[in-house]
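# Structural overview
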Amino acid sequence: MKHTARPLRLPLRLPLAVSLLTAAALSGCSGPAPGIPDTGLNDPAKKRIAMRLVSSAENSSLDWEAQYPYIEDIGDGRGYTAGIIGFCSGTGDMTEVVERYAKARPGNPLERFLPALRAVEGSDAHTGLGKPFTRAWAKAAEDPAFRAAQEAERDAVYFGPAVRQAEEDGLGALGQFIYYDAYVMHGAGDTEGTVGFRTMRREAMAASRTPARGGDEKAYLNAFLDARVAAMVEEPAHSDTSRVETAQRVFVREGKLRLETPLRWKVYGDAYRIEKG
(Lines give C-alpha, C1' and ligand atoms only; values in the text may rest on other atoms or scores of the structure.)
Protein backbone atom coordinates (compact mmCIF):
# COMPACT_ATOMS: atom_id res chain seq x y z
CA MET A 1 0.00 0.00 0.00
CA LYS A 2 2.96 2.31 0.43
CA HIS A 3 5.56 3.49 -2.03
CA THR A 4 9.17 4.02 -0.98
CA ALA A 5 11.59 6.02 -3.08
CA ARG A 6 14.67 4.01 -4.07
CA PRO A 7 18.18 5.43 -4.59
CA LEU A 8 19.29 5.57 -8.22
CA ARG A 9 22.60 4.23 -9.58
CA LEU A 10 24.13 7.11 -11.49
CA PRO A 11 27.54 7.98 -13.03
CA LEU A 12 29.94 10.06 -11.00
CA ARG A 13 29.43 13.28 -12.99
CA LEU A 14 25.80 14.29 -12.74
CA PRO A 15 23.82 17.23 -14.11
CA LEU A 16 22.40 19.43 -11.37
CA ALA A 17 18.76 18.36 -11.98
CA VAL A 18 19.67 14.68 -11.69
CA SER A 19 21.68 15.36 -8.54
CA LEU A 20 18.62 16.98 -6.96
CA LEU A 21 16.49 13.96 -7.89
CA THR A 22 19.04 11.61 -6.31
CA ALA A 23 19.14 13.67 -3.13
CA ALA A 24 15.36 13.53 -2.84
CA ALA A 25 15.35 9.76 -3.31
CA LEU A 26 18.04 9.27 -0.69
CA SER A 27 16.20 11.46 1.78
CA GLY A 28 13.32 8.99 2.05
CA CYS A 29 10.77 11.73 1.32
CA SER A 30 7.79 10.60 -0.73
CA GLY A 31 7.25 13.96 -2.46
CA PRO A 32 8.53 14.71 -5.97
CA ALA A 33 11.93 16.35 -6.33
CA PRO A 34 12.10 20.09 -7.07
CA GLY A 35 11.11 20.81 -10.64
CA ILE A 36 9.06 17.61 -11.03
CA PRO A 37 5.31 18.29 -11.42
CA ASP A 38 3.03 17.29 -8.56
CA THR A 39 0.66 14.67 -9.96
CA GLY A 40 -1.45 14.92 -6.85
CA LEU A 41 -3.91 12.18 -6.02
CA ASN A 42 -3.71 10.89 -9.58
CA ASP A 43 -0.58 9.15 -8.27
CA PRO A 44 -1.90 5.77 -7.04
CA ALA A 45 0.41 5.88 -4.02
CA LYS A 46 -0.95 9.29 -2.98
CA LYS A 47 -4.52 8.12 -3.56
CA ARG A 48 -3.88 5.22 -1.18
CA ILE A 49 -2.60 7.68 1.40
CA ALA A 50 -5.77 9.75 0.97
CA MET A 51 -7.90 6.66 1.45
CA ARG A 52 -6.03 5.78 4.63
CA LEU A 53 -6.48 9.31 5.96
CA VAL A 54 -10.22 9.24 5.30
CA SER A 55 -10.47 5.79 6.89
CA SER A 56 -8.82 7.04 10.06
CA ALA A 57 -11.72 9.46 10.48
CA GLU A 58 -14.55 7.32 9.09
CA ASN A 59 -13.54 3.96 10.57
CA SER A 60 -10.83 4.63 13.20
CA SER A 61 -8.48 2.48 11.14
CA LEU A 62 -5.89 2.96 8.41
CA ASP A 63 -6.97 -0.28 6.78
CA TRP A 64 -9.50 1.19 4.36
CA GLU A 65 -9.67 -2.05 2.35
CA ALA A 66 -11.13 -3.82 5.38
CA GLN A 67 -14.18 -1.54 5.30
CA TYR A 68 -16.13 -2.99 2.34
CA PRO A 69 -18.37 -5.11 4.67
CA TYR A 70 -18.78 -2.39 7.32
CA ILE A 71 -22.37 -1.26 7.97
CA GLU A 72 -24.12 0.29 10.98
CA ASP A 73 -26.40 3.14 12.00
CA ILE A 74 -24.15 5.64 13.77
CA GLY A 75 -27.03 7.86 14.84
CA ASP A 76 -26.26 10.82 12.58
CA GLY A 77 -29.70 10.99 10.99
CA ARG A 78 -28.52 9.41 7.74
CA GLY A 79 -29.71 5.87 8.36
CA TYR A 80 -27.15 3.14 7.71
CA THR A 81 -23.53 4.15 7.08
CA ALA A 82 -21.49 1.56 5.21
CA GLY A 83 -18.54 0.67 3.04
CA ILE A 84 -15.21 2.24 2.22
CA ILE A 85 -16.22 5.89 2.64
CA GLY A 86 -19.47 5.71 4.57
CA PHE A 87 -22.22 5.46 1.95
CA CYS A 88 -25.56 6.28 3.59
CA SER A 89 -29.03 4.88 3.09
CA GLY A 90 -30.52 8.29 3.85
CA THR A 91 -28.51 10.22 1.26
CA GLY A 92 -28.91 7.99 -1.79
CA ASP A 93 -25.32 7.03 -2.49
CA MET A 94 -25.85 3.63 -0.85
CA THR A 95 -28.72 3.06 -3.28
CA GLU A 96 -26.42 3.95 -6.17
CA VAL A 97 -23.82 1.44 -4.98
CA VAL A 98 -26.43 -1.32 -4.93
CA GLU A 99 -27.71 -0.25 -8.36
CA ARG A 100 -24.18 -0.44 -9.75
CA TYR A 101 -23.80 -3.90 -8.23
CA ALA A 102 -27.12 -5.03 -9.72
CA LYS A 103 -25.93 -4.02 -13.19
CA ALA A 104 -22.71 -5.96 -12.77
CA ARG A 105 -24.27 -8.96 -11.00
CA PRO A 106 -28.02 -9.22 -11.77
CA GLY A 107 -29.96 -11.17 -9.19
CA ASN A 108 -27.43 -10.63 -6.40
CA PRO A 109 -28.77 -10.84 -2.80
CA LEU A 110 -28.77 -7.04 -2.34
CA GLU A 111 -30.86 -6.28 -5.41
CA ARG A 112 -34.16 -7.14 -3.72
CA PHE A 113 -33.59 -4.29 -1.23
CA LEU A 114 -33.51 -1.57 -3.90
CA PRO A 115 -37.19 -0.58 -3.49
CA ALA A 116 -36.70 -0.20 0.27
CA LEU A 117 -33.50 1.77 -0.18
CA ARG A 118 -35.22 4.17 -2.56
CA ALA A 119 -38.11 4.54 -0.13
CA VAL A 120 -35.92 5.54 2.86
CA GLU A 121 -33.84 8.16 1.04
CA GLY A 122 -34.00 11.47 2.87
CA SER A 123 -34.62 9.81 6.24
CA ASP A 124 -32.94 7.67 8.87
CA ALA A 125 -35.52 4.89 8.56
CA HIS A 126 -34.66 1.19 8.30
CA THR A 127 -38.03 0.19 6.87
CA GLY A 128 -37.72 -2.90 4.71
CA LEU A 129 -33.99 -3.21 5.51
CA GLY A 130 -32.91 -4.25 9.02
CA LYS A 131 -30.75 -7.26 9.78
CA PRO A 132 -31.50 -9.09 6.51
CA PHE A 133 -30.08 -6.11 4.62
CA THR A 134 -27.04 -5.56 6.83
CA ARG A 135 -26.15 -9.26 6.67
CA ALA A 136 -26.55 -9.23 2.88
CA TRP A 137 -24.31 -6.15 2.60
CA ALA A 138 -21.55 -7.73 4.67
CA LYS A 139 -21.79 -10.98 2.71
CA ALA A 140 -21.72 -9.14 -0.64
CA ALA A 141 -18.37 -7.60 0.31
CA GLU A 142 -16.80 -10.99 -0.46
CA ASP A 143 -17.68 -10.43 -4.14
CA PRO A 144 -15.12 -8.45 -6.19
CA ALA A 145 -17.99 -7.01 -8.24
CA PHE A 146 -19.50 -5.44 -5.11
CA ARG A 147 -16.16 -4.02 -4.02
CA ALA A 148 -15.74 -2.59 -7.53
CA ALA A 149 -19.20 -1.01 -7.28
CA GLN A 150 -18.19 0.76 -4.07
CA GLU A 151 -14.98 2.03 -5.64
CA ALA A 152 -16.80 3.22 -8.77
CA GLU A 153 -19.33 5.19 -6.71
CA ARG A 154 -16.54 6.70 -4.62
CA ASP A 155 -14.63 7.83 -7.69
CA ALA A 156 -17.63 9.10 -9.67
CA VAL A 157 -19.37 11.04 -6.92
CA TYR A 158 -16.64 12.06 -4.47
CA PHE A 159 -13.03 11.47 -5.45
CA GLY A 160 -13.18 12.47 -9.11
CA PRO A 161 -15.15 15.72 -8.69
CA ALA A 162 -13.07 16.78 -5.67
CA VAL A 163 -9.73 16.19 -7.39
CA ARG A 164 -10.82 17.92 -10.60
CA GLN A 165 -12.00 21.00 -8.70
CA ALA A 166 -8.81 21.09 -6.65
CA GLU A 167 -6.70 20.89 -9.79
CA GLU A 168 -8.65 23.80 -11.30
CA ASP A 169 -7.96 25.76 -8.12
CA GLY A 170 -4.22 25.06 -8.41
CA LEU A 171 -4.01 22.78 -5.38
CA GLY A 172 -1.56 19.93 -4.89
CA ALA A 173 -2.09 16.54 -3.27
CA LEU A 174 -2.90 17.92 0.19
CA GLY A 175 -5.50 20.34 -1.11
CA GLN A 176 -6.99 17.62 -3.27
CA PHE A 177 -7.31 15.39 -0.21
CA ILE A 178 -8.84 18.22 1.83
CA TYR A 179 -11.47 18.77 -0.86
CA TYR A 180 -12.10 15.03 -1.11
CA ASP A 181 -12.59 14.60 2.62
CA ALA A 182 -15.07 17.49 2.61
CA TYR A 183 -16.97 15.86 -0.25
CA VAL A 184 -17.10 12.57 1.67
CA MET A 185 -18.49 14.09 4.86
CA HIS A 186 -20.68 16.91 3.53
CA GLY A 187 -21.49 16.16 -0.11
CA ALA A 188 -21.26 18.66 -2.94
CA GLY A 189 -24.27 20.86 -2.24
CA ASP A 190 -26.15 22.14 0.78
CA THR A 191 -29.06 20.14 2.15
CA GLU A 192 -31.48 21.09 4.89
CA GLY A 193 -29.53 21.82 8.05
CA THR A 194 -26.12 21.22 6.45
CA VAL A 195 -23.50 23.10 4.47
CA GLY A 196 -21.96 21.36 1.47
CA PHE A 197 -18.63 21.58 -0.30
CA ARG A 198 -19.65 24.25 -2.82
CA THR A 199 -20.64 26.70 -0.09
CA MET A 200 -17.41 26.03 1.83
CA ARG A 201 -15.36 26.71 -1.30
CA ARG A 202 -17.28 29.89 -2.06
CA GLU A 203 -16.70 31.18 1.47
CA ALA A 204 -13.01 30.26 1.31
CA MET A 205 -12.60 32.08 -2.01
CA ALA A 206 -14.20 35.18 -0.49
CA ALA A 207 -11.54 35.14 2.23
CA SER A 208 -8.45 34.10 0.22
CA ARG A 209 -7.45 33.68 -3.41
CA THR A 210 -6.83 30.20 -4.75
CA PRO A 211 -3.32 29.42 -6.06
CA ALA A 212 -4.82 29.37 -9.58
CA ARG A 213 -5.72 33.03 -9.03
CA GLY A 214 -2.33 33.97 -7.64
CA GLY A 215 -2.99 33.26 -3.98
CA ASP A 216 -0.86 31.50 -1.39
CA GLU A 217 -1.73 27.79 -1.17
CA LYS A 218 -1.41 27.49 2.60
CA ALA A 219 -3.44 30.65 3.20
CA TYR A 220 -6.21 29.43 0.93
CA LEU A 221 -6.30 25.95 2.49
CA ASN A 222 -6.60 27.48 5.95
CA ALA A 223 -9.47 29.63 4.70
CA PHE A 224 -11.20 26.54 3.34
CA LEU A 225 -10.67 24.68 6.62
CA ASP A 226 -12.05 27.69 8.52
CA ALA A 227 -15.20 27.49 6.39
CA ARG A 228 -15.46 23.76 6.95
CA VAL A 229 -15.05 24.02 10.72
CA ALA A 230 -17.75 26.70 10.83
CA ALA A 231 -20.07 24.32 8.98
CA MET A 232 -19.19 21.33 11.18
CA VAL A 233 -19.89 23.02 14.51
CA GLU A 234 -23.40 23.86 13.34
CA GLU A 235 -24.19 20.20 12.66
CA PRO A 236 -24.42 18.10 15.87
CA ALA A 237 -23.36 14.86 14.14
CA HIS A 238 -20.15 16.47 12.90
CA SER A 239 -19.37 18.91 15.72
CA ASP A 240 -16.10 17.15 16.59
CA THR A 241 -13.66 19.00 14.34
CA SER A 242 -10.55 16.95 15.13
CA ARG A 243 -10.34 15.47 11.59
CA VAL A 244 -9.60 19.08 10.57
CA GLU A 245 -7.86 20.67 13.53
CA THR A 246 -5.55 17.82 14.60
CA ALA A 247 -5.07 16.30 11.15
CA GLN A 248 -5.52 18.42 8.02
CA ARG A 249 -4.62 21.70 9.70
CA VAL A 250 -1.46 20.05 11.01
CA PHE A 251 -0.40 19.03 7.49
CA VAL A 252 -0.97 22.59 6.23
CA ARG A 253 1.06 24.05 9.08
CA GLU A 254 3.89 21.60 8.38
CA GLY A 255 3.87 22.49 4.68
CA LYS A 256 3.02 18.94 3.54
CA LEU A 257 1.37 20.34 0.41
CA ARG A 258 2.22 17.18 -1.57
CA LEU A 259 1.26 14.85 1.27
CA GLU A 260 4.92 14.09 1.85
CA THR A 261 5.54 11.40 4.39
CA PRO A 262 6.02 10.94 7.25
CA LEU A 263 2.52 12.04 8.25
CA ARG A 264 1.40 12.06 11.88
CA TRP A 265 -2.04 13.17 13.04
CA LYS A 266 -4.88 12.57 15.48
CA VAL A 267 -8.61 12.04 14.93
CA TYR A 268 -11.09 11.86 17.82
CA GLY A 269 -8.09 11.63 20.14
CA ASP A 270 -6.54 8.61 18.45
CA ALA A 271 -3.02 8.96 17.03
CA TYR A 272 -2.03 7.71 13.56
CA ARG A 273 1.09 7.74 11.44
CA ILE A 274 2.21 6.90 7.92
CA GLU A 275 5.97 6.74 7.89
CA LYS A 276 6.48 6.14 4.18
CA GLY A 277 4.15 6.43 1.24
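Below is a short write-up of the structure.

Attention shifts here to the overall build of the chain. Scanning the chain from N- to C-terminus turns up 10 helices and five strands. Within the chain, buried positions represent 50% of all 277 residues. When contacts within the chain are restricted to residue pairs at least 6 apart in sequence, long-range pairs at least 24 apart make up 56% of them. Roughly 13000 Å² of accessible area belongs to the chain as shown, and the carbon and sulfur atoms make up 52% of that amount.

This paragraph deals with the pairing of strand S4 (residues 263-267). Side-chain positions along a regular strand alternate between the two faces of the sheet. Because side chains alternate across S4, one face comprises the buried residues Leu263, Trp265 and Val267, and the other comprises Arg264 and Lys266, none of which is buried. Relative to strand S5 (residues 270-274), S4 runs antiparallel, the two being bridged by five bridges. Among the inter-strand pairings, Arg264 is bridged to a residue of S5, identified as Arg273.

Our focus in this paragraph is helix H6 (residues 144-168). End to end, H6 covers 33 Å across 25 residues, agreeing with the expected 36 Å (1.5 Å per residue, within 8%). Along H6, the sharpest change in direction is near 50° and occurs at Asp155. For H6, the side-chain oxygen to backbone nitrogen distance between the N-cap and Ala145 is 2.9 Å, and the N-cap itself is Asp143.

What follows deals with the packing of helix H9 (residues 217-233) against helix H10 (residues 242-253). Axes are the key here: two packed helices are described by the angle between their axes and the distance separating the axes. At a minimum axis distance of 10 Å, the contact between H9 and H10 shows a crossing angle of 175°. Considering their axes alone, H9 and H10 lie roughly antiparallel with respect to each other. Residues Lys218, Leu221, Asn222, Leu225, Asp226, Arg228, Val229 and Met232 of H9 pack against Arg243, Val244, Glu245, Gln248, Arg249, Val252 and Arg253 of H10.

What the rule picks out here adds up to 16 salt bridges. The salt bridge involving Arg201 is made with Asp169; its shortest N-O contact spans 2.8 Å. Within this pair, whereas Arg201 is found in helix H8 (residues 197-207), its partner Asp169 is found in the loop between H6 and helix H7 (173-186), the two being separated by 32 residues in sequence. For the pair shown, Arg201 and Asp169 are each scored as buried. A single network of salt bridges, built from pairs that share partners, joins Glu58, Asp181, Arg228 and Arg243.

This brings us to the nonpolar core. In terms of nonpolar packing, the biggest core is built from 74 residues, with Leu110, Phe133, Trp137, Phe224 and Trp265 touching the most fellow members. For this core, the leading source of residues is H7, giving 10 residues.

This paragraph deals with the sheet that holds strand S1 (residues 71-73). Read from one edge of the open sheet, three strands run S1-S2-S3, paired in antiparallel fashion. Where the open sheet ends on each side, the last strands, each with one partner, are S1 and strand S3 (87-88). Relative to S3, strand S2 (residues 80-82) runs antiparallel, the two sharing two bridges. The residue of S3 that forms the bridge with Thr81 is Cys88. Against the sheet, helix H5 (residues 130-140) contacts S1 and S2, and its axis sits at roughly 5° relative to S2.

Before going further, it helps to spend a moment on the packing of aromatic side chains. A full pass over the atoms with the stated rule returns 13 aromatic pairs. When the centroid spacing of 5.7 Å and the interplanar angle of 25° are considered together, the rings of Trp265 and Tyr272 count as stacked. No difference in accessibility class separates Trp265 from Tyr272, as the two residues are buried. Of the aromatic side chains, those joined through ring pairs into one cluster are Tyr80, Tyr101, Phe113, Phe133, Trp137 and Phe146. In this arrangement the basic side chain of Lys47 is found over the ring face of Phe159, its NZ or CZ atom lying 4.4 Å from the centre.

This brings us to the packing of H7 against H8. Running from amino to carboxyl end, H7 crosses H8 at an angle of 135°, the nearest separation of the two axes being 9 Å. Taken together, H7 and H8 sit at an angle that is classed as oblique. Here Tyr179, Ala182, Tyr183 and His186 of H7 come into contact with H8, specifically with Phe197, Met200 and Arg201. When the residues that make up the contact of H7 with H8 are grouped by side-chain class, the tally is five nonpolar, one polar and one charged.

About the thresholds
Residues numbered from 1 in each chain as written. Predicted model: local features only at pLDDT ≥ 70, side-chain atom pairs only at ≥ 80, totals over all residues. Heavy atoms only, no water. Helix = DSSP H or I, 4+ residues; strand = E, 2+ residues; numbered from the N terminus. Buried < 20%, exposed > 50% of the residue type's maximum accessible area, 1.4 Å probe, protein only. Contact = heavy atoms within 4.5 Å. Areas by Shrake-Rupley, 256 points an atom, 1.4 Å probe, with all protein chains shown as cover. Pairing = 2+ DSSP bridges. Expected span 1.5 Å × (residues − 1). Bend = angle between axes of the 7 residues up to and from the residue. Polar contact = N/O pair within 3.5 Å; in protein donor to acceptor, adjacent residues only side chain to side chain. Axes fitted to C-alpha atoms, helices over the stretch in contact; angles between N-to-C directions. Parallel < 35°, antiparallel > 145°, perpendicular 65-115°, else oblique. Salt bridge = Lys/Arg side-chain N within 4 Å of Asp/Glu carboxyl O. Core = buried A, V, L, I, M, F, W, Y, C linked by side-chain atoms within 4.5 Å. Phe/Tyr/Trp six-rings, centres within 6.5 Å; stacked < 30°, edge-to-face > 60°. Lys NZ or Arg CZ within 6 Å of the ring centre and 35° of its normal. Nonpolar A, V, L, I, M, F, W, Y, C, P; charged D, E, K, R; others polar.

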